[in-house]
Amino acid sequence: MKLSIFTLNIWGLKLTAKDRNARVRALADSLTNNGYDVVCLQELWCEDDYKHIKASCDNVFKYIHYFHSGMLGSGMCIMSRYPIIDHLYHSFILNGYLHMFWHGDWFGGKGIGMCRINVKGFIVDVYTTHLHACYNASNDKYTHHRIIQAFETANFIRVTSSGSDLAVLAGDLNSNPNDICYKLICLGANMIDSYSACLNNSIEYTYSHPENSYKDANEINDRIDYILYKFNEKNLVVVQEHRHSLPHRVPGQDFSYSDHEPIEAVFEISKNTLNIEKNITKNSGLIFENEFLSILNISLNICNEKSVINPLISWHFIICVLICILLSMYLQLVSYTNTIVVITLLIFFIMYIYNLVIKWTEKNCVRGFCNHIETLFSNQ
């Protein structure tokens, strides 16, 4: 039996994403005509876009689930031709900062979503996620957020997928194959990258692709979107295709479907009636254990309580002080000195409390992450 899974970060940011309406409508038309069995979408932030895609696709994808979370929604949706018999969502414990509102991750309520799908008697757990973005590679303030999100993703899949015939993670990990987050998920959840498992792989980059109309000359070509999978010993699974199933530009237009490239993986699933022992998703042995422990150790070195700093960096305070001084100078001319003093103290008190709450929340999340890894070390 064949199973086609498609994933795309659609770049559905309201106001800032170029050609969003036209791209979403072109994507909706394409999704219904390409024979996909399961579709995973990320950055589907706008309710109107979701409603349009759902209305356009519900004749093909009878089962559609959007993962509502956070202030704006998770932005993630799974559509399936086959019955969704259960679903579950886990919000990440760390997901950026409220005051970094121009990055927006905090407002999205990011996490990992799962739909359990009955595919002609096979139980397939399909997961989708979107890890925190890296906005400045030379000074990434969100490294430990993304590492902890990757660790949570691996644990969520490991714990919830034990009863499935096939488990697939399709989404935007904001991490390249050499990144610790990618390795944490692959090793921690014991998953295989369709990219490396497929002999007919035709994918090189998924972000900043040379033929993408939205390519930024300052961005490097990268592969940060994935379809990872694992299966149990009762079944045999082969990745027959791993490809960009849509053209790099919308037909007849000069723009792409997104600033990311779509990925499709086609799986061949069958019962292991001959009891074949070979199973590429069964990583075991000393080499695997040493590699996993090494990755966990690196994670501990990066994510610890000492890595947690005051989230409000100095220039926020400088701007606040300058504003207060200017207001004070102005109001002093009109005899409101006492008022401005009170306002100034109130602003600094609010910022101090906010800083304290964010810092200690982050410290406790990092502490829990470290304790979890130390438990894994103690069991080796």
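Residues numbered from 1 in each chain as written. Predicted model: local features only at pLDDT ≥ 70, side-chain atom pairs only at ≥ 80, totals over all residues. Heavy atoms only, no water.

- The name an unreviewed UniProt entry gives the protein is sphingomyelin phosphodiesterase, with Macrosiphum euphorbiae as the organism.
- Looking at the protein in UniProt, the text filed under Subcellular location (unreviewed entry) is "Membrane".
- Reading the Sequence similarities (unreviewed entry) entry of the UniProt record for the protein gives the comment "Belongs to the neutral sphingomyelinase family." (UniProt positions renumbered as here; feature names shortened; annotations may be inferred.)

Thoughts on helix 2 (residues 47-57)
Part 1 of the argument: Listing the buried residues of helix 2 in full gives D49, Y50, I53 and C57. Summarising the axial view, the buried residues of helix 2 lie within an arc of 100 degrees, below the 170-degree limit, and thus occupy one face. Set apart from the buried face of helix 2 by more than 90 degrees, the exposed residues are E47, D48 and A55.
Part 2 of the argument: Among the structural elements, helix 1 (20-31), strand 2 (38-42), strand 3 (63-66) and strand 4 (77-80) are those in contact with the buried residues of helix 2. (Buried < 20%, exposed > 50% of the residue type's maximum accessible area, 1.4 Å probe, protein only. Helix = DSSP H or I, 4+ residues; strand = E, 2+ residues; numbered from the N terminus. Arc of directions from axis to C-beta. Contact = heavy atoms within 4.5 Å.)

Notes on the packing of aromatic side chains
Part 1 of the argument: Within this structure, the stated rule accounts for 12 aromatic pairs.
Part 2 of the argument: Judged by centre distance (5.9 Å) and plane angle (35 degrees), the rings of Y97 and Y142 are tilted. On the criterion of sequence distance, the pair formed by Y97 in the loop between strand 5 (84-91) and helix 3 (105-108) and Y142 in the loop between strand 7 (122-129) and helix 4 (143-160) is long-range, its members being 45 residues apart. In this pair, the class of Y97 matches that of Y142, namely buried.
Part 3 of the argument: Clustering of aromatic rings is evident, with ring pairs tying together Y97, Y135 and Y142.
Part 4 of the argument: A cation over a ring is seen here: R223 above Y195, with NZ or CZ 3.7 Å from the ring centre. (Phe/Tyr/Trp six-rings, centres within 6.5 Å; stacked < 30°, edge-to-face > 60°. Lys NZ or Arg CZ within 6 Å of the ring centre and 35° of its normal.)

What about the sheet that holds strand 12 (residues 263-271)?
Part 1 of the argument: Judged by pairing direction, the sheet is mixed, and its 6 strands sit side by side in the order 3-4-2-1-12-11 without closing on themselves. At either margin of the open sheet sits one strand with a lone partner, and together these are strand 3 and strand 11 (235-243). Going from strand to strand, the sheet's axes swing by 15 degrees on average, the running direction of each strand aside.
Part 2 of the argument: Direction of pairing for strand 1 (residues 2-9) relative to strand 12: antiparallel, over a ladder of 6 bridges. (Pairing = 2+ DSSP bridges. Axes fitted to C-alpha atoms, helices over the stretch in contact; angles between N-to-C directions.)

Structural notes on unusual backbone geometry
Part 1 of the argument: Notably, L15 is not glycine yet its phi reads approximately 75 degrees, a positive angle.
Part 2 of the argument: Within the fold, L15 resides in the loop between strand 1 and helix 1.
Part 3 of the argument: Unusually for a residue other than glycine, E43 sits at a positive phi of about 60 degrees.
Part 4 of the argument: Relative to the assigned elements, E43 resides in the loop between strand 2 and helix 2.

Comments concerning the sheet that holds strand 6 (residues 111-119)
Part 1 of the argument: A sheet is described by the order of its strands in space; here 6 strands give the open sequence 5-6-7-8-10-9, paired in mixed fashion. Two strands in the sheet have a free side with no partner beyond their single neighbour: strand 5 and strand 9 (192-193).
Part 2 of the argument: On the sheet, helix 4 packs against strand 5, strand 6, strand 7, strand 8 (166-172) and strand 10 (225-231) and is oriented at approximately 25 degrees with respect to strand 6.
Part 3 of the argument: Along the sheet, helix 5 (residues 180-188) contacts strand 8, strand 9 and strand 10; its crossing angle with strand 10, the most-contacted strand, is approximately 15 degrees.

Some thoughts on helix 4
Because an α-helix packs 3.6 residues into every turn, residues spaced three or four apart end up facing the same way.
Part 1 of the argument: A rise of 1.5 Å per residue sets the reference length of helix 4, with its 18 residues, at 26 Å; its end C-alpha atoms lie 26 Å apart and thus fit the reference within 8%.
Part 2 of the argument: For helix 4, a buried count of 15 out of 18 residues is recorded, marking the element as mostly surrounded by other parts of the structure. (Expected span 1.5 Å × (residues − 1).)

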